[in-house]
Amino acid sequence: MATLDYEIFDADNHYYEAPDAFTRHLEPGYARRAMQWAEVDGKKRLLVGGKVNRFIPNPTFDPVAKPGCLDSYFRAKHSAQDIRAAFGDLDPISPSYRNRDARLADLDAQQVEACFMFPTLGVGMETALEHDRPAMLAAFRAFNRYVEADWGLNHEDRIYSAAYITLADVDWAIEELEWAMARDCRVINMRASSVLGADNQRRSLGHPDHEPFWAKLNDAGVTLAIHSGDAGYGFMLDYWGQNSEFEAFRYEPLKALLTWSPISDAIASLIAEGVFARHANLRVATIENGSEWVWPLFKKLKKTYGQHSYAFAENPLETFAKHVWVAPYYEDDLLALRDAIGADHIIFGSDWPHAEGLANPVDFVHDLKGFTDDEIRLIMRDNGMGLITRRAAAVL
């Protein structure tokens, strides 16, 4: 394990949800419409909206893969026809994956001072329930109560767990944000997608109907994380004749090569529809989306601004530089990312304890060859520590 002369900030830690994460605080009337467990062919399966959900192949997480066991696969050092076989032997679930105090002990051993904490299962549930908006809102309200009870939205100024927000109902989103703020929330999580409204029409993130929420978040001064998950882009897979059901760890060559990018589209919406221009205090951290999407988006922003500068309050590349922080994959071209957005807008995330992450979070430093010591400290600590600080909005 690498060593540094300072503790680090990990922008991408995860818990493995307790079996009752969505049901413990769920209103009884939604029990059959939201999440429930059932035995199917002798295995415990998660039902979401009355259907078997395969977002996570093993939603009980016990046993579970070793942290970082897919490292060499994601570095393209070996091929795996059956990705599930590449996991190797599974372990009984560690107390640290579900208990915040046990996690603190692991953070101490890993030289991690503080971290953002994200769901594993929770980032893949919105798509499965968006056809039943009341059930979806009830499920995520219950889920946020579980997160607060088991992890805390701010546990000892070290574990900053993200409240999950959907804009499917703006009033609900504002209520959840206010509830989270009352519990010292420092980060909220949202998926990279449009949302389905009560009228069954899709709306972009920057749609005028969402303006009250963005104003509230701007005043709150907390960071918006857009973490990867099921963004609802199955329509594109359907178009190309692929299985559109989102299943983690099931890879097919064509799926990997299609050029869809939910995170690029989400950031484009916030820039092109003026959300950042109207709300100068908004900060967005893109988590577990890698960084390969940055260059194609920059190319499009440059061209669009050149053709339609009247539509933007400022050069959109400058807008990006002010409002967006990127957590790249360790296998990305990190030097090129530095040259594109600056070391002061790169944040490190280990994805611990997931199989596709790093076994030892601090080892990310080994992939920062060519960076100065000051740049490494920005990426491994200072940028993330800045994002957990609530920032007061300017008084106009």
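Here is what the cut-offs are and how they apply
Residues numbered from 1 in each chain as written. Predicted model: local features only at pLDDT ≥ 70, side-chain atom pairs only at ≥ 80, totals over all residues. Heavy atoms only, no water. Helix = DSSP H or I, 4+ residues; strand = E, 2+ residues; numbered from the N terminus. Rg over C-alpha atoms; globule rule 2.2 N^0.38 Å. Contact = heavy atoms within 4.5 Å. Areas by Shrake-Rupley, 256 points an atom, 1.4 Å probe, with all protein chains shown as cover. Pairing = 2+ DSSP bridges. Buried < 20%, exposed > 50% of the residue type's maximum accessible area, 1.4 Å probe, protein only. Polar contact = N/O pair within 3.5 Å; in protein donor to acceptor, adjacent residues only side chain to side chain. 1 Å grid on protein atoms, 1.4 Å probe; cavity = no way out; pocket = protein on both sides within 12 Å on 5 of 7 lines; lining within 4 Å. Points joined across faces, edges and corners; volume = space filled by probe spheres on them. Nonpolar A, V, L, I, M, F, W, Y, C, P; charged D, E, K, R; others polar. Axes fitted to C-alpha atoms, helices over the stretch in contact; angles between N-to-C directions. Salt bridge = Lys/Arg side-chain N within 4 Å of Asp/Glu carboxyl O.

Visitor: Any chance you could explain the overall build of the chain here in plain terms?
Guide: The helix and strand inventory of the chain stands at 14 helices and 13 strands. In terms of overall size, the chain behaves like a compact globule, its C-alpha atoms giving a radius of gyration of 20 Å where 396 residues would be expected to give roughly 21 Å. Principal-axis analysis of the C-alpha atoms places the extent of the chain at approximately 60 × 55 × 45 Å. A separation of at least 24 residues holds for 76% of the contacts in the chain among residues at least 6 apart in sequence. Carbon and sulfur atoms make up 51% of the accessible area of the chain, which amounts to about 17200 Å² in all.

Visitor: Would you take a moment to explain the side chain of arginine 103 for this structure?
Guide: If you trace the backbone, arginine 103 turns up in helix H2 (residues 100–109). Not counting the four nearest positions on each side in its chain, arginine 103 is found in contact with Asn13, His14, Tyr15, Ser96, Tyr97, Met117, Trp151, Ile159, Trp352 and Pro353.

Visitor: Teacher, can you tell me more about the sheet that holds strand S3 (residues 43–48) here?
Guide: Where strands meet in a sheet, backbone hydrogen bonds hold them as pairs that are either parallel or antiparallel. The three strands are arranged S2-S3-S4 in an open sheet whose pairing can be described as antiparallel. Two strands bound the open sheet, and with one partner strand each, they are strand S2 (35–40) and strand S4 (51–52). Where S2 lies against S3, six bridges are found, and the strand directions are antiparallel. Bridge pairing in S3 links valine 40 to lysine 43.

Visitor: Looking at this model, I keep getting lost on the environment of serine 193. Mind explaining?
Guide: Along the chain, the position of serine 193 falls in the loop between strand S8 (187–190) and strand S9 (195–196). For serine 193, a relative accessible area of 8% corresponds to the buried category. Among residues more than four places away in sequence, those in contact with serine 193 are Arg202, Leu205 and Ala231. Here alanine 231 takes part through its backbone oxygen, which lies 2.9 Å from a polar atom of the side chain of serine 193.

Visitor: Quick question: what am I supposed to make of empty space enclosed by the protein here?
Guide: Here the idea is plain: a probe the size of a water molecule rolls over the atoms and shows the empty space left. Counted under the stated rule, the structure contains one cavity of 30 Å³ or more. Size it by volume and the largest cavity reaches roughly 50 Å³. Looking at the largest cavity, the residues that line it are Glu17, Ala18, Pro19, Ala21, Phe22, Thr23, Met35, Trp37, Leu46 and Leu121. Here the lining of the largest cavity is composed, by residue class, of eight nonpolar, one polar and one charged.

Visitor: Even after reading the chapter, I still don't get the sheet that holds strand S7 (residues 163–164), so can you show me in this structure?
Guide: Read across the sheet, five strands follow the order S7-S8-S11-S12-S13 without closing on themselves; strand pairing throughout is parallel. In this open sheet, the two strands that pair with only one neighbour each are S7 and strand S13 (324–326). Examined bridge by bridge, S7 and S8 share two bridges and lie parallel to one another. Counted as the bridge partner of tyrosine 164 is asparagine 189 from S8. Seen against the sheet, helix H9 (residues 262–272) touches strand S11 (223–227), strand S12 (284–287) and S13 and runs at an angle of roughly 170 degrees to S12. Helix H12 (residues 316–323) rests against S12 and S13 of the sheet, and its axis sits at about 70 degrees to S13.

Visitor: When you look at the pattern of salt bridges in this model, what are you seeing that I'm missing?
Guide: One pass over the structure, following the stated rule, counts 23 salt bridges. Across the salt bridge formed by aspartate 169 and arginine 133, the nearest N and O atoms sit 3.2 Å from each other. Here arginine 133 lies in helix H4 (residues 133–150) and aspartate 169 lies in the loop between S7 and helix H5 (170–181), a separation of 36 residues in the sequence. Since its relative accessible area comes to 22%, arginine 133 is described here as partly exposed. Salt bridges here are not isolated pairs; linked through shared partners, they connect Glu113, Arg377, Arg381 and Asp382.

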